[in-house]
Amino acid sequence: MAVLLKRLLQSVRPPAALGRPMGPREASLGTDPGAAVRVRFAPSPTGFLHLGGLRTALYNYIFAKKHQGSFILRLEDTDQTRLVPGAAENIEDMLEWAGIPPDESPRRGGPAGPYQQSQRLELYAQATEALLESGAAYPCFCSPQRLELLKKEALRNHQTPRYDNRCRNLSQGQVAQKLAQGPKPAIRFRLEGEAPAFQDLVYGWNRHEVAHVEGDPVILKSDGFPTYHLACVVDDHHMGISHVLRGSEWLVSTSKHLLLYQALGWQPPRFAHLPLLLNRDGSKLSKRQGDIFVEHFVATDFLPDALLDIITNCGSGFAENQMGRTLPELITQFDLTRITCHSALLDLEKLPEFNRLHLCRLVSNETQRCQLVGKLQALVEETFGSQLQDREVLDPAYVERIILLRQGHICRLQDLVSPAHSYLWTRPAVGLVQLGTISEKVDVIAKRVLGLLEGPGTSLTQDMLNSELRKVSEGLEGTKHSTVMQLLRVALSGQLCFLFSFLARAPCSRDDGVLGSEGSAGTNTEGAFQLESRCAGQWRWP
């Protein structure tokens, strides 16, 4: 900042563009189409990564990978008053979890670093000095109080607030006098001349005459930190960014940025502004919604591919909207020219179904299924812990069998440790009083079921077991087959209305000892009828 203040004391020159001026057509074309593709995701660490940011990052990532380019993470942390502790780390952590890690970033480094704007202040100072020297920028000594009064006056008159450019034409003597009084000025950019037209790759040809509707913007604050307008232009230039894919809220600012490129004599990148990601009802995503942060979906056991799938499925950029696309398929099918101007409506109620499809895909792959087995073992240990009467339920073969039996029926792996599936890991104890409310003949029914399993050496197929179970109610006056099955469901699962239609994908041997004498109603000291659900998981209860 000291260097800039010295520069301000030098003769004030009339505005002159640096380098040769660019025409409207040049500004629209941007970088050489044959140049290497380099894109950036540039969030501000003023909050944790949310779905809107993830979608912007994803489109940048798949565009870069489709064109064998580089995906850069740059943190725009110049607003030091709004930084959230841990947000910078969270952004990069979540990109890595989602499977779209940056090629260059604060954590990974790279040839264009540093990748945090707070560490690039010298570059902004150099650019500002060049703009001051050419007369394209000037110092502004207006106090925050005066600027606030201007804003209130405009609002009272139902006008759009804008700076009145009061300091634009200060003489050299006036600048020297104000500098001697002590306050450090902000630096503003002169909005003069016709804004260049540009061809946005999504919205087509655009031109916003910012000089007619806005006051001269601040590009460098009095504390030496740049505003977004200067920082993004300087960084995109020095990092060799070829394409800027960002939210459509920045579309109207692009003409202002092109004027900065023109004043600095730099060739701009190509621009593609992405339509907003909105809630299903058309309202804006808000950070006040706890369920829009990516870490929420990590904590609730959703798969990265499912999240990437749903935020692209609800928008555009692909020939077809189809569920179940993997990241490699998104890269292959992505077409920037297919992105429309319509906002994308996100229906998170559909996310479980997306997750179910991607979970089934993982289960069908032997290597990934083994990884799921390890995760489920950890979930069972964490959820039930000391409640596990039989540690054999953690056997990988058994855990894998449970996953195979339940694929297509569950949406998340952690569903298998929910209360509805606890019988798979612990032995439910159901008292005789509860069973007696279903049938007064619980003792007789229990003995008959146990009798089916007492004969060794015989294999019970699904059809044989169903047939034998239908015979249990024969001769029991007032007892229907449905009552017997309801009794067994409660005894096996501890739940009144649980359906076991997913069980019995394989025969059950009589030697499995599913119903032991210690679990019978007649010998259990607590009067509980316990069934070993680990083996019962091989049966089918219609």
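Refer to the structure printed above.
Now for a quick tour of the structure.

## Let's talk about the packing of aromatic side chains
For step 1, the next point in the chain: Counted under the stated rule, the structure contains seven aromatic pairs.
For step 2, the next point in the chain: Measuring from centroid to centroid gives 5.7 Å for Tyr61 and Phe71, while their planes differ by 90°, and the two rings are edge-to-face. Pair noted here: Tyr61 is in helix α3 (residues 51–66) and Phe71 is in strand β2 (residues 70–73), with a separation of 10 residues, a long-range link. Side by side, Tyr61 and Phe71 carry an identical accessibility label, which is buried.
For step 3, the next point in the chain: When the centroid spacing of 6.2 Å and the interplanar angle of 65° are considered together, the rings of Phe297 and Phe302 count as edge-to-face. Pair check on accessibility: Phe297 and Phe302 agree, each one buried.
For step 4, the next point in the chain: Pairwise contacts between aromatic rings join Tyr59, Phe318 and Phe334 into one cluster.
For step 5, the next point in the chain: In this structure, Arg325 is placed above the aromatic ring of Phe318, and the distance from its NZ or CZ to the ring centre is 4.5 Å.
For step 6, the next point in the chain: Its guanidinium or amino end placed over the ring of Phe302, Arg412 lies 5.4 Å from that ring's centre, counting from NZ or CZ.

## Regarding the layout of surface pockets
For step 1, the next point in the chain: One number sums up the size of the largest pocket: a volume of about 1,300 Å³.
For step 2, the next point in the chain: Taken together, 41 residues form the lining of the largest pocket, with Pro43, Ser44, His50, Glu249 and Trp250 sitting closest to its centre.
For step 3, the next point in the chain: For the lining of the largest pocket, the secondary-structure elements that each account for two or more residues are β1 (38–41), α3, α9 (228–238), β8 (243–247) and β10 (277–279).
For step 4, the next point in the chain: For the lining of the largest pocket, the element with the highest residue contribution is α3, accounting for four residues.
For step 5, the next point in the chain: Of the residues contributing to the lining of the largest pocket, the split by class is 18 nonpolar, 13 polar and 10 charged.
For step 6, the next point in the chain: Approximately 490 Å³ is the volume found for the second largest pocket.
For step 7, the next point in the chain: Considering the residues around the second largest pocket, the lining is formed by 20 residues, among which Asp301, Phe302, Leu303, Pro304 and Lys375 are closest to the centre.
For step 8, the next point in the chain: Among the elements that line the lining of the second largest pocket, the one with the most residues is helix α15 (residues 366–384), at five residues.
For step 9, the next point in the chain: Partitioned by chemical class, the residues of the lining of the second largest pocket number 11 nonpolar, four polar and five charged.

## Points about the nonpolar core
For step 1, the next point in the chain: Counting 73 residues, the largest nonpolar core has Leu54, Ile100, Leu376 and Trp425 as the members making the most contacts within it.
For step 2, the next point in the chain: Excluding anything up to four places from it in sequence, Leu376 contacts Val399, Ile403, Leu413, Leu416, Val417 and Trp425.
For step 3, the next point in the chain: With 36 residues, the next largest nonpolar core counts Leu132, Phe189, Ala195 and Tyr261 among its residues.

## Details of helix α20 (residues 481–493)
For step 1, the next point in the chain: Taking 1.5 Å of rise per residue, 13 residues should cover 18 Å, and α20 covers 18 Å from first to last C-alpha, within 8% of that figure.
For step 2, the next point in the chain: Considered for burial, the residues of α20 that qualify are His481, Thr483, Val484, Met485, Leu487, Leu488, Arg489, Val490, Ala491, Leu492 and Ser493.
For step 3, the next point in the chain: In the segment just after α20, Gly494 is the residue with positive phi, at about 75°.

Cut-off values and rules
- Each residue is numbered by its place in its chain's sequence as written, counting from 1.
- Selection of residues for local features in this predicted model requires a pLDDT of at least 70, selection of side-chain atom pairs for listing and counting requires 80 or more, and totals for whole chains, interfaces and linings are taken over all residues.
- In computing side-chain properties, one takes all heavy atoms of the structure into account and sets aside hydrogens as well as water.
- What counts as a ring pair is set by centres within 6.5 Å for rings of Phe, Tyr and Trp (its six-membered ring), and what kind of pair is set by the plane angle: stacked under 30 degrees, edge-to-face over 60, tilted for all other angles.
- Secondary structure elements are taken from DSSP: a helix is a run of H or I of four residues or more, a strand is a run of E of two residues or more, and numbering for both begins at the N terminus.
- Only protein chains enter the accessibility calculation, which uses a 1.4 Å probe; a residue is then buried when its area is under 20% of its type maximum, exposed when over 50%, and partly exposed in between.
- Only lysine NZ and arginine CZ atoms are considered, and such an atom sits over a ring when it is within 6 Å of the ring centre and within 35 degrees of the ring normal.
- Cavity and pocket criteria rest on a 1 Å grid covering protein atoms alone: a 1.4 Å probe that fits but cannot get out defines a cavity, protein on both sides within 12 Å along at least 5 of 7 lines defines an open pocket, and an atom within 4 Å of a point defines a lining residue.
- Grid points are joined across faces, edges and corners, and a volume is the space filled by probe spheres set on the points.
- Under the scheme applied here, ten amino acids are nonpolar (Ala, Val, Leu, Ile, Met, Phe, Trp, Tyr, Cys and Pro), four are charged (Asp, Glu, Lys and Arg), and all others, including Gly, are polar.
- For our purposes a nonpolar core is just a set of buried Ala, Val, Leu, Ile, Met, Phe, Trp, Tyr and Cys residues, chained together by side-chain atoms within 4.5 Å.
- For this analysis, residues touch if any pair of their heavy atoms sits within 4.5 Å.
- A helix is expected to span 1.5 Å for every residue after the first.

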